[in-house]
Amino acid sequence: MQKVIMGNHALSWGALLSRAEVIAAYPITPQTEVVELLSNMCADGDLDAQFIKVESEHSAMAASMGASAAGARTFTATSAQGLALMHEVLHWATGARLPIVMGNINRAMAPPWTIWTEQTDSISERDTGWLQIYTSSIQEILDSVIQAYKVAEQVYLPVMVVLDSFVLSHTNENCDIPDQSKVDAYLPKFENAYKLDVNKPAAYGGLTGPDWYYELRYKIQKDTERSLDLFVETGKEFGEMFGREYGLVETYKLDDADTVLVSSASIASTARPVIDAMREEGHKVGLIRVRVFRPFPSDLMRKLLEGRKKVLVVDRNISFGMSGAFYEETKAALYNVKNSPPMWGYIAGLGGRDVPTNVVRDMIEQTMKEDHPSGDIIWIGVKK
Amino acid sequence: MLEIRFHGRGGQGTVVASKALAFAVAREGRFVQTFPEYGVERRGAPVVAFTRIDDVPIYIRSKIYEPDHLVVLEPTLIGAIDVTEGLKPGGWIIINSDKKAAEFGQFAGFKVATFDATSVALKYRLGSSAAPIVNTAILGALSKITGFVGIDAVREAVREIAPVKKDENVKAAEEAYEKAEAEQEQS
């Protein structure tokens, strides 16, 4: 079914089609419409799920954990300060190996008070062990929720589906709502092998000494690494069933590119027409949109970037005292490589500052002009 | 690609107008993208919304700085803000006004059309008499004047999007579609 829907509602539709059984969420701008529509879907009987109203985001994640531990397919969504309030329980969800799927709308962190987009909220949670997908269209948001469950439930790890505040969350565009029967075939009912069961009493998450904690961390890392292949496999299978294939990254006009732009989310989307325009003028430029950020596809990035003349990474986030996260990780992946290209790290669009095509073009042109980057952070258009 | 910018005041249905146009165009099988300029919304404050239309998928995700066409739901904004900022030469300016298009002489170099959407909204009691919601009427006028989208698709989109008074909103769009031509001939 073809519809025109907003990014937030794409999350709700994704949860509906995945047959989420429990939803526990607390509303926050710009995420509110996700919860509103899910609440309507439950009230109207379109979605046979328990909708748990909670008093905070910490409780939303805690309730989600309980539901997931009991074996239910569980969905929640939040943004910015709400995600930060969840921080403690985010670690818990990973350590308890709960395949929860959560939408996070990238909103800049306060103060000063703000509602506009920036990735620093979800980037701040990159070490919690949640797998992270950064989306760049309304269709991809819906599809990614379904795919996220497929991956999460095989590795018993939680997944965050991330989208830009307003630029995606409140933008309406064409979206194919897949048939429920096809989604059911792609994503069958989940049988949690470790769910709470009164007939098989067991202790979960109890005190674990240094003799075993280390091994449990090792297992999380191994399963996180395994999810790289699963994202590719399930993304291919999605393509076969629904005609839209997804991978760890999306490349555009990359094959013979000398200069490669690496970015994510909506900035990487806006970059496409810039690449088209510059290609028409004869510049060998290409694009990599990083879709899966956790786990970071280091091997793939090495393969795609080794031997290129120049690489520029555009981040809509900042780790104060260092640089942008996508830049840091891309640079780290390329460090032990023989033909590692020089890398420019731009910070753009913080706090929802618009990043139009001419700004993307400025960054590519500056990179093409210089022999080496002037520092670890290149700011663009700072008002003096 | 067609890029259209909507100007109105909070409470007039400006954002819904941009969405309804997108819904209608999508029903004709084209690609659309529509979004408001988010600020701190207040009733009566200037509101801006955007709609992009194309035959191929739309990747650009910035605001629209150089629109092809404008829709002005609130004529008192003209002069208060520079509504034509960035407007491409020869573009349409569709104004909700009971004045003749020729009275907007300041818009030389653009195609100006006026339609009294407020009267139609009042007739069908859309919104309150103090704050009528003019979006569905202006959309009917836009369909007739520009031909960007057919009235059948507008009718369906309005029915889908109007939260209340669906029949009245459809009638408002239809009446605007019929009347807008007559006003065009006069101007």
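None of these values were measured; they are calculated from a predicted model.

Asks: Just to check I follow, could you spell out the confidence of the model for chain B for this structure?
Replies: Residues and elements named next belong to chain B. When the pLDDT values of chain B are averaged, the result is 93; 95% of them are 70 or greater. Looking at the elements of chain B, mean pLDDT is at its lowest for helix α5 (residues 166-186), recorded as 84, and at its highest for strand β4 (residues 69-72), recorded as 98. In the predicted complex, the global pTM is 0.97; the interface-specific ipTM is 0.95.

Asks: Looking at this structure, I do not really get the interface of chain A and chain B. What am I missing?
Replies: Many analyses report the size of an interface as the accessible area lost when the parts associate. On the side of chain B, 17 residues touch chain A, which itself brings 17 residues to the contact. Secondary structure elements with two or more residues in the side of chain A that touches chain B: β8 (172-176) and α10 (265-280) of chain A. Top element by residues in the side of chain A that touches chain B is α10 of chain A. It accounts for five residues. Residue classes in the side of chain A that touches chain B are distributed as six nonpolar, eight polar and three charged.

Asks: What is the right way to read the pairing of strand β6 (residues 131-134) of chain A from this model?
Replies: Successive side chains on a regular strand alternate, one facing one side of the sheet and the next facing the other. Residues and elements named next belong to chain A. Covered by surrounding structure in β6 are Leu131 and Ile133 together with Gln132 and Tyr134, the residues of both alternating faces. Looking at chain direction, β6 and strand β7 (residues 159-164) are connected through four bridges and run parallel. Residue pairing for β7: Gln132 is matched across the bridge by Met160. You can see the chain leave β6, run along helix α7 (residues 138-155) and come back into β7, and the turn it takes is right-handed. In this structure, β6 lies alongside strand β12 (residues 292-294), joined through two bridges in antiparallel fashion. Residue pairing for β12: Ile133 is matched across the bridge by Val292.

Asks: Help me understand the sheet that holds strand β6 (residues 111-115) of chain B in this model?
Replies: In a beta sheet, neighbouring strands are held together by backbone hydrogen bonds and run either parallel or antiparallel to one another. In spatial order, the strands read β1(A)-β8(A)-β2(B)-β3(B)-β1(B)-β4(B)-β5(B)-β6(B); together these eight strands make up an open sheet with mixed pairing. The sheet terminates laterally at β1 (2-6) of chain A together with β6 of chain B, the two strands that pair on one side only. Pairs of neighbouring strands in the sheet enclose a mean axial angle of 25°, with direction left out of account. As defined by bridge partners, β4 of chain B adjoins strand β5 (residues 92-96) of chain B across three bridges and the pair is classed as parallel.

Asks: I'm lost on the sheet that holds strand β3 (residues 50-53) of chain A in this one. Help?
Replies: Residues and elements named next belong to chain A. Taken together, the seven strands give an open sheet; going across it, the order is β3-β2-β4-β5-β7-β6-β12, and neighbouring strands pair in mixed fashion. Lying at the two open borders of the sheet, with one neighbouring strand each, are β3 and β12. Across the sheet, the mean angle from the axis of one strand to that of its neighbour is 20°, orientation sign disregarded. Across six bridges, the pairing between strand β5 (residues 101-106) and β7 is parallel.

Asks: How do you make sense of the pairing of β3 of chain A when you look at a structure like this?
Replies: Residue and element names in this part refer to chain A. In this structure, strand β2 (residues 22-25) lies alongside β3, joined through four bridges in parallel fashion. Following the sheet pairing, Ile23 is matched in β3 by Phe51. On the question of chirality, the crossover connecting β2 to the parallel β3 by way of helix α2 (residues 32-43) is right-handed.

Asks: Before we go on, may I ask you to explain the packing of α10 of chain A against helix α13 (residues 357-369) of chain A in this structure?
Replies: Helix-helix packing is characterised by the crossing angle of the two axes and by the distance between the axes. Residue and element names in this part refer to chain A. With their axes 9 Å apart at the nearest point, α10 and α13 run at an angle of 60° to one another. Viewed along their axes, α10 and α13 adopt a mutual orientation that is oblique. α10 and α13 meet at a crossing whose hand is right-handed. The segment α10 lies against α13, with Thr270, Ala271, Pro273, Val274 and Met278 engaging Thr357, Val360, Arg361 and Ile364. Of the residues belonging to the contact of α10 with α13, the class tally is six nonpolar, two polar and one charged.

Asks: When you look at the environment of Pro112 of chain A in this model, what are you seeing that I'm missing?
Replies: As for its placement among the helices and strands, Pro112 of chain A is situated in the loop between β5 and α6 (120-123). Sequence separation between Pro112 of chain A and Gly351 of chain A is 239 residues, and the spatial gap between their C-alpha atoms is 10.0 Å.

Asks: Just to check I follow, could you spell out the nonpolar core for this structure?
Replies: Considering soluble globular proteins, one finds that nonpolar side chains tend to be buried as a cluster. Core analysis: the largest hydrophobic core is formed by 175 residues, its most contacted members being Ile94, Ile138 and Ala176 of chain B. It is helix α1 (residues 14-27) of chain B that contributes the most residues to this core, 10 residues altogether. Lining this core are residues from two domains, each supplying at least three of them: domain 1 (2-242) and domain 2 (249-379) of chain A. Beyond its immediate chain neighbours, meaning those up to four positions away, Ile94 of chain B contacts Leu70, Val71, Val72, Ala113, Ile138, Ala141, Leu142 and Ile145 of chain B.

Asks: What exactly am I supposed to notice about α13 of chain A here?
Replies: Residues spaced three or four apart along an α-helix face the same direction, because each turn holds 3.6 residues. Residues and elements named next belong to chain A. Taking 1.5 Å of rise per residue, 13 residues should cover 18 Å, and α13 covers 18 Å from first to last C-alpha, within 8% of that figure. What α13 keeps buried is the set Val359, Val360, Met363, Ile364 and Thr367. All buried residues of α13 fall inside an arc of 140° around its axis, so they share one side. Set apart from the buried face of α13 by more than 90 degrees, the exposed residues are Asn358 and Lys369. Tucked inside the fold, the buried residues of α13 contact β10 (259-263), α10, β11 (285-290), β13 (310-315) and β14 (343-347).

Asks: I'm lost on the environment of Ile267 of chain A in this one. Help?
Replies: Residue and element names in this part refer to chain A. Note that Ile267 resides in helix α10. Its 27 C-beta neighbours within 10 Å are what place Ile267 among the buried residues. Distance from Ile267 to Ala348, taken between C-alpha atoms, is 9.0 Å for residues 81 residues apart in sequence. In this structure, Ile267 is in contact with Val314, Arg316, Ala348, Gly349 and Val355, ignoring residues within four places of it in sequence.

Asks: Explain α7 of chain A here, please?
Replies: All names here are of chain A. Between its first and last C-alpha atoms α7 spans 26 Å; for 18 residues at 1.5 Å apiece the expected length is 26 Å, and the two agree. Ser144 marks the point of greatest bend in α7, at about 25°. Counting buried positions along α7 gives 15 out of 18 residues, so the element sits mostly inside the fold. Tyr156 occupies a position one or two residues after α7 and carries a positive phi of about 55°.

Asks: Please explain the domain arrangement of chain A as it appears in this structure.
Replies: Residue and element names in this part refer to chain A. The domain architecture assigned to chain A consists of domain 1 (2-242) and domain 2 (249-379). The C-alpha-based centres of domain 1 and domain 2 are spaced at 27 Å. Taken together, the 27 residues of domain 1 in the interface contact 20 residues of domain 2. Of all the secondary-structure elements, those providing two or more residues to the side of domain 1 that touches domain 2 are α6, β6 and α9 (213-242). Of the residues forming the side of domain 1 that touches domain 2, the biggest block, five residues, is contributed by α9. Partitioned by chemical class, the residues of the side of domain 1 that touches domain 2 number 12 nonpolar, 11 polar and four charged.

Thresholds, definitions, all that
Residues numbered from 1 in each chain as written. Chains lettered and ligands numbered in written order. Predicted model: local features only at pLDDT ≥ 70, side-chain atom pairs only at ≥ 80, totals over all residues. pLDDT = per-residue confidence, 0-100. Helix = DSSP H or I, 4+ residues; strand = E, 2+ residues; numbered from the N terminus. Contact = placed C-beta atoms within 7 Å. Nonpolar A, V, L, I, M, F, W, Y, C, P; charged D, E, K, R; others polar. Buried ≥ 20, exposed ≤ 12 C-beta atoms within 10 Å, placed from the backbone. Pairing = 2+ DSSP bridges. Right-handed = clockwise from strand over helix to strand, strands pointing away. Axes fitted to C-alpha atoms, helices over the stretch in contact; angles between N-to-C directions. Parallel < 35°, antiparallel > 145°, perpendicular 65-115°, else oblique. Left-handed = near helix turned anticlockwise from the far one by under 90°. Core = buried A, V, L, I, M, F, W, Y, C linked by C-beta atoms within 7 Å. Domains from an automatic or database assignment. Expected span 1.5 Å × (residues − 1). Arc of directions from axis to C-beta. Bend = angle between axes of the 7 residues up to and from the residue.

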